[in-house]
Amino acid sequence: MTFNNAQQLLNNKNQSQVLRYFDSLDEAAKEELLMQIENINWDDLGKIGTASQSQRGEFAPPPALSMDEIAKNKAAYEKSGLEAVKKGEVAAVLLAGGMGTRLGFDLPKGCYDVGETRHLYIFECLINNLMDVVKQSGVYVPLYIMTSEKNDKATQSFFEEHNYFGYDKSFVKFFIQDMACAVDFDGKLLLEEKGRLATSPNGNGGWFTSMIKAGLDKDLHARGVKWINIFAVDNVLQKIADPVFVGATIEGKYQSASKVVRKVEPHEKMGLLCLEDGKPSIVEYYEMSKEMAEARDSDGSLTYKFGVILNYLFSLQKLEQIVNESLEVHVVEKKIPFIDANGNKVSPTEPNGYKFELLVLDMVHMMDNNLAFEVERKAEFAPIKNLHGTDSVDSAKELLKLNNVTL
């Protein structure tokens, strides 16, 4: 894109402020900014102020396997899942585009050290968990790590520096998540530097299109992958490419499955797996009526009891069928650092604009079916969202110790 083309486009969109500092940039920075302008998704900006959150449908409990039911059939599920792993049909995708900002840490979140008597990094915990399956099956599981523009170099360097924590690096590939522009509350594009638009990763629902953009769908097919287990970076206890989970999905003839934990009380703040108009869906805790949150089955258990932990299994074939269908773009208020009209850097303490995100929960809703697969909280759910308090470094450390992990 030429400067004149960019100037005309931005003037037409009433976004001329983007080029405010263009003349002061060096040639490389000018080139980068023009490339960013060319790649702006203008459809996102059109979502501001619209009722993008469609009316919710009719809810019902999802098909589910409780821990007791899983235990009864564990041997059969495990056999089926191990067979798939050994054939190379199961891959894992780690969503690791975030930084450790909320932990007071300026490196990628996965680089955070939770050790006490030794170094033990979040990334290392996850690799150790995946190695359990490698040891059990005798084969390495292909691992794809989604980074962001902001943390890709640091993430790749960290893995190199630590020799991939003993994982065979030929089975590990990195790819960068697509970015989305950020705007102020008036819909004006923000600059994070004089030669760079303010951008952020486009949400956890953008992982598969980002993989395709990186050409990794070809790698998936070359390896014979049929199932992809996606998981978030911050849960240090989760099992990855779990043969029992994979086997239960295959044996039940499901296209997708979700690891879930049982709510501890009716109004716990977590997304709940359900059916919506007969299709798998996730309803957020704040979207549930009091009656729905507190409804109980004949055995006294909550009707809507299974909370998702961002550990999903998807059929590659189904993913490729839906990849060209549009996911809903969620417009989210955020605190966005930016350069003001005088060239000063501003770090807001309150939300000052919108980011645009795709969410994996919408991918779940595009599946024909989904299995709720219950896991034990204390054994598989130790998220690190904060430094202290609930879902924190402190609580995760206690759970790691409970599961005999030496810190």
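Residues numbered from 1 in each chain as written. Predicted model: local features only at pLDDT ≥ 70, side-chain atom pairs only at ≥ 80, totals over all residues. Heavy atoms only, no water.

Peer 1: Quick rundown of the overall build of the protein chain? Include the residues and the values.
Peer 2: Tallying secondary structure elements over the protein chain gives 15 helices and 20 strands in all. Taken over the C-alpha trace, the protein chain has a radius of gyration of 22 Å; the compact-globule value for 407 residues is 22 Å, and the two agree within 12%. If you line up the protein chain on its principal axes, its C-alpha atoms span 70 × 50 × 45 Å. Buried positions account for 54% of the 407 residues belonging to the protein chain. For the protein chain, the proportion of contacts with a sequence separation of at least 24, taken over those separated by at least 6, is 75%. Here the protein chain displays about 19,100 Å² of accessible surface, and carbon together with sulfur accounts for 47% of that area. (Helix = DSSP H or I, 4+ residues; strand = E, 2+ residues; numbered from the N terminus. Rg over C-alpha atoms; globule rule 2.2 N^0.38 Å. Buried < 20%, exposed > 50% of the residue type's maximum accessible area, 1.4 Å probe, protein only. Contact = heavy atoms within 4.5 Å. Areas by Shrake-Rupley, 256 points an atom, 1.4 Å probe, with all protein chains shown as cover.)

Peer 1: Lay out the nonpolar core in plain terms, naming residues and giving numbers.
Peer 2: In this structure, L94, F123, L143 and Y167 are the most contacted members of the largest nonpolar core, which totals 70 residues. Per-element tally for this core: the top contributor is helix α6 (residues 122-137), with nine residues. Other than its neighbours up to four places away in sequence, Y167 contacts I127, L130, M131, V134, Y140, V141, L143 and V172. Ranked by size, the runner-up nonpolar core spans 58 residues in total, among them L34, I37, L273 and M366. (Core = buried A, V, L, I, M, F, W, Y, C linked by side-chain atoms within 4.5 Å.)

Peer 1: Any details on helix α5 (residues 74-86)? Residues and values, ideally.
Peer 2: Between the first and last C-alpha of α5 there are 18 Å, a value that for 13 residues agrees with the 18 Å anticipated at 1.5 Å per step. Considered for burial, the residues of α5 that qualify are Y77, S80, G81, L82, A84 and V85. Looking at the buried positions of α5, the neighbouring elements they touch are β2 (64-65), α4 (67-72), β3 (90-95), α6 and α10 (243-251). Directly after α5, the chain includes G88, whose backbone phi takes a positive value near 80°. (Expected span 1.5 Å × (residues − 1).)

Peer 1: Report on the sheet that holds strand β16 (residues 330-334), specifying residues and quantitative values.
Peer 2: Spatial strand order, β7-β19-β16: three strands in an open sheet with antiparallel pairing. Two strands in the sheet have a free side with no partner beyond their single neighbour: β7 (183-184) and β16. Direction of pairing for β16 relative to strand β19 (residues 353-357): antiparallel, over a ladder of five bridges. If you follow E333 over to β19, its bridge partner there is Y354. (Pairing = 2+ DSSP bridges.)

Peer 1: Please set out the pattern of salt bridges residue by residue, giving values where relevant.
Peer 2: Enumeration over the complete set of coordinates arrives at 24 salt bridges. One salt bridge connects E192 with K150, and the closest N-O pair in it is separated by 3.8 Å. With E192 in strand β8 (residues 191-193) and K150 in the loop between β4 (143-147) and α7 (152-161), the pair connects residues that are 42 residues apart, well separated along the chain. Note on K150: relative accessible area 47%, which makes it partly exposed. A salt bridge links E380 to K259; the shortest N-O distance between them is 2.9 Å. One end of the pair, E380, is in helix α14 (residues 377-380); the other, K259, is in strand β12 (residues 256-262), with 121 residues separating them in the sequence. Through salt bridges that share partners, E32, E149, K150, E192 and R196 make up one connected network. (Salt bridge = Lys/Arg side-chain N within 4 Å of Asp/Glu carboxyl O.)

Peer 1: Quick rundown of the packing of aromatic side chains? Include the residues and the values.
Peer 2: Applying the stated criterion to the full structure yields 19 aromatic pairs. Ring centres of F159 and F165 lie 5.8 Å apart, and the angle between their planes is 80°; this geometry places the pair in the edge-to-face category. F165 sits in the buried class, given a relative accessible area of 14%. In this structure an aromatic cluster arises from ring pairing among Y121, F123, F158, F159, Y164, F165 and F174. (Phe/Tyr/Trp six-rings, centres within 6.5 Å; stacked < 30°, edge-to-face > 60°.)

Peer 1: I'd like a description of the pairing of β3, backed by residues and values.
Peer 2: Within β3, six of the six residues are buried, which leaves it mostly tucked inside the rest of the structure. Of the two faces of β3, the one carrying V90, A92 and L94 and the one carrying A91, V93 and L95 are both buried. Pairing of β3 with β4, which is carried by four bridges, proceeds in the parallel orientation. Each bridged residue has a counterpart across the sheet, and for L95 the counterpart in β4 is M146. Once you follow β3 into α6 and on to β4, the crossover reads as right-handed. (Right-handed = clockwise from strand over helix to strand, strands pointing away.)

Peer 1: Now, about unusual backbone geometry: what can you tell me, with residues and values included?
Peer 2: At F165, a position not held by glycine, the phi torsion is positive, near 50°. Structurally, F165 is set in the loop between α7 and β5 (172-176). Although it is not a glycine, D391 adopts a positive phi angle of roughly 50°. Along the chain, the position of D391 falls in the loop between α14 and α15 (393-402). For D391, a relative accessible area of 30% puts it in the partly exposed group.

Peer 1: Would you mind going over helix α2 (residues 27-38) in detail, with residue names and values included?
Peer 2: Taking 1.5 Å of rise per residue, the twelve residues of α2 would be expected to cover 16 Å, and the 17 Å separating its terminal C-alpha atoms lies within 8% of that figure. Where α2 is concerned, the buried positions are A29, K30, L33, L34, Q36 and I37. For α2, the angular spread of buried residues about the axis comes to 160°, placing them on one side. Among the exposed residues of α2, those pointing more than 90 degrees away from its buried face are E27, A28 and E31. The N-cap of α2, judged by a side-chain oxygen 3.2 Å from the amide nitrogen of A28 a few residues on, is D26. (Arc of directions from axis to C-beta. Polar contact = N/O pair within 3.5 Å; in protein donor to acceptor, adjacent residues only side chain to side chain.)

Peer 1: Break down the side chain of Q17 for me, citing the residues and quoting the values.
Peer 2: One can find Q17 in the loop between α1 (3-12) and α2. Exposure remark for Q17: the relative accessible area of 14% places this residue in the buried category. Not counting the four nearest positions on each side in its chain, Q17 is found in contact with K188, L189 and L191.

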